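Notes for the structure review
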Amino acid sequence: MSLSEQQVTLIQESFKKVVPIAPDAARIFYAKLFEYDPELKALFKSDMDQQGQKLMKTLGVAVAGLRDLSALVPALEGLAVKHLDYGVKIEDYTPVGNALIYTLKEGLQDGFDDATKEAWITLLRTVIEVMRKAAYPGFSPETYNNTKQYHH
C-alpha cells in the first residue's frame, strides 16, 4: 500500500475537519449507504448511533496510522475476515466506498477539493483491495469488474 506524502497530509487534514461533526457524518454515511444498497441495512443489528461511533473511531485510527500503511494491513485483513461472519459480500465494499466519498463531500463542502478527493479514493481503493484479498482468496482487482466505484 502506498500513498504520497501529500496524499497522507490531505487525508489527515481533511479528517480533522470531520471529527467535530462525526455524529452527523456517520448519519450521512449510513443514510447514503442504505440508499445505495438497502439490503445492507440487514447487516447492522446494533444501535446505529453506536455503530456510527465505531465507524468514526475506526476511521480515526486508520487515518492516524497512514504514515505506516504496512502496520495497518494485518488489522484490515482481520477486519475483512471478521466481516465475512456478518455476511458481507465482495460487492458490498463498493457502496461503502461510495458512501464515504459522498459523506466527505457533504461534510467538508469546499474543503473536499479534487486533490483531497483523489487522495481518499486512492486510499479507499487500496484498503478495499487489501480487505477483498484477505476475505476472498483468489481475488484479483484486474478480474473483478465493478463499474460503479467512486462516482462522487
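My aim in this report is to walk through the structure given alongside it, one point at a time. Each chain carries its own residue numbering, running from 1 in the written order of its sequence. Owing to the predicted nature of the model, reporting of local features is limited to residues with pLDDT of at least 70; listing and counting of side-chain atom pairs is limited to 80 or more, with chain, interface and lining totals taken over all residues. Computation of side-chain values: all heavy atoms of the structure, hydrogens and water removed.

**A word on the overall build of the chain**
In DSSP terms, a helix is any run of H or I states spanning at least four residues, a strand is any run of E spanning at least two, and both are numbered starting from the N terminus. Looking only at helices and strands, one finds 6 helices and 0 strands in the chain. Going residue by residue from the N terminus, the α and β elements of the chain occur as α-α-α-α-α-α. The quantity called the radius of gyration is restricted to C-alpha atoms. Its globule counterpart is 2.2 Å times the number of residues to the power 0.38. Relative to the globule expectation of 15 Å for 152 residues, the C-alpha radius of gyration of the chain, 15 Å, shows essentially globular dimensions. Counting only C-alpha atoms and orienting by the principal axes, one finds that the chain spans roughly 35 × 35 × 30 Å. Looking at the 152 residues of the chain, the share that counts as buried comes to 42%. Here the contacts in the chain between residues at least 6 apart in sequence split such that 77% fall between residues at least 24 apart. Here the accessible surface of atoms and residues is derived via Shrake-Rupley with a 1.4 Å probe, and residues count as covered only by protein chains that are part of the display. Accessible area of the chain: about 8600 Å², with a carbon and sulfur share of 54%. Type-normalised accessible area, obtained with a 1.4 Å probe on protein chains alone, sets the label of each residue: buried when under 20%, exposed when over 50%, and partly exposed for intermediate values. Contacts were defined at the residue level, with two residues in contact if any of their heavy atoms lie within 4.5 Å.

**Overview of unusual backbone geometry**
A positive phi is found at Q109, a non-glycine position, where the angle reads about 50°. One can find Q109 in the loop between α5 (93-108) and α6 (114-135).

**Observations regarding the packing of aromatic side chains**
Two aromatic rings, drawn from Phe, Tyr or Trp (for Trp, its six-membered ring), form a pair once their centres lie within 6.5 Å of each other, and the interplanar angle then sorts them: stacked below 30 degrees, edge-to-face above 60, tilted otherwise. What the rule picks out here adds up to 5 aromatic pairs. Look at Y30 and F34: their rings are 6.0 Å apart centre to centre, the planes differ by 35°, and that puts the pair in the tilted class. Of this pair, Y30 and F34 both sit in helix α2 (residues 22-36), separated by 4 residues, roughly a single helical turn. When sorted by exposure, Y30 lands in the same class as F34, which is buried. Both rings, one in Y30 and one in F44, keep their centres 5.3 Å apart while their planes meet at 70°; by these two values the pair is edge-to-face. A residue pair is termed long-range when its members are at least 10 positions apart, and Y30 in helix α2 and F44 in the loop between α2 and α3 (48-64) qualify at 14 residues. Residue classification places F44 among the partly exposed positions, given a relative accessible area of 24%.

**A few points about the nonpolar core**
What makes a nonpolar core is a set of buried Ala, Val, Leu, Ile, Met, Phe, Trp, Tyr and Cys residues whose side-chain atoms join them at distances within 4.5 Å. Counting 43 residues, the largest nonpolar core has I11, M56, L66 and W120 as the members making the most contacts within it. Mapped onto this core, the elements with two or more residues apiece are α1 (5-18), α2, α3, α4 (69-86), α5 and α6. Looking at this core element by element, the count peaks at 10 residues for α6. Excluding its chain neighbours within four sequence positions, the residues that come into contact with M56 are F15, V18, A22, A25 and A26.

All quantities given are derived from atomic positions and should not be read as evidence of function.
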